[in-house]
Amino acid sequence: PAGLWTVFTLGGVGSKPTPQLEQCSPLANQSLLLLLVLANLTDAPDTPNPYRQAIITAISSSNPHAFQINFNSLYTALCEQQKSDQATLLLYMLLHQNCNVRTYVLARTDIENLV
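This is a predicted model, so every value here is computed, not measured.

Reading the values: rules and limits
- Residues numbered from 1 in each chain as written.
- Predicted model: local features only at pLDDT ≥ 70, side-chain atom pairs only at ≥ 80, totals over all residues.
- Heavy atoms only, no water.
- Salt bridge = Lys/Arg side-chain N within 4 Å of Asp/Glu carboxyl O.
- Buried < 20%, exposed > 50% of the residue type's maximum accessible area, 1.4 Å probe, protein only.
- Core = buried A, V, L, I, M, F, W, Y, C linked by side-chain atoms within 4.5 Å.
- Helix = DSSP H or I, 4+ residues; strand = E, 2+ residues; numbered from the N terminus.
- Contact = heavy atoms within 4.5 Å.
- Phe/Tyr/Trp six-rings, centres within 6.5 Å; stacked < 30°, edge-to-face > 60°.

*Asks:* How should I be thinking about the pattern of salt bridges in this particular structure?
*Replies:* Between side chains of opposite charge, a pair can form when the charged atoms approach closely. Applying the stated criterion to the full structure yields two salt bridges. Salt-bridge contacts for D43 lead to R52; the nearest nitrogen and oxygen are separated by 3.0 Å. By relative accessible area, R52 is classed as buried at 16%. Across the pair D110 and R108 runs a salt bridge, and its minimum N-O distance is 2.9 Å. Owing to a relative accessible area of 19%, D110 belongs among the buried residues under this scheme.

*Asks:* What is the right way to look at the nonpolar core in this model?
*Replies:* Generally speaking, soluble globular proteins have nonpolar side chains that are buried together. Formed by 17 residues in total, the largest nonpolar core has its most connected members in L78, L90, M93, L94 and L114. Mapped by element, the contributors of at least two residues to this core are α3 (26-39), α5 (71-80), α6 (85-97) and α7 (99-107). Among all residues touching L94, those that are not within four sequence positions of it are I55, L74, L78 and V101.

*Asks:* Got a minute to help me understand the packing of aromatic side chains in this structure?
*Replies:* For any pair of aromatic rings, the description rests on two quantities: the centre-to-centre distance and the angle between the ring planes. Following the criterion strictly, the structure yields two aromatic pairs and no others. What links up through ring pairs into an aromatic cluster is the set F71, Y75 and Y104.

Below, the structure written as structure tokens:
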């Protein structure tokens, strides 16, 4: 799967997955890849992608059925894994599609850890 991911990123010339992430928690790495694939599936003509909608509405106070995420834990994990393509893609997707995550990240005083 890691080789397949590399082929999809920049035609095979993308960065290799971070060995620390794969060795420490291969289940987390595979779960993140699965989440990214599911969230980026094309919407059906009459139904939006439910995985993308879950990411967009996560942590929404207006939606009582939205799942809750500890922003501090998420931010820390993303800072630690920014050398991996999949973590960077998740961060990009969260920043562009979830206003709650974007507001939290912009309010941080240590944003240089992420950058």
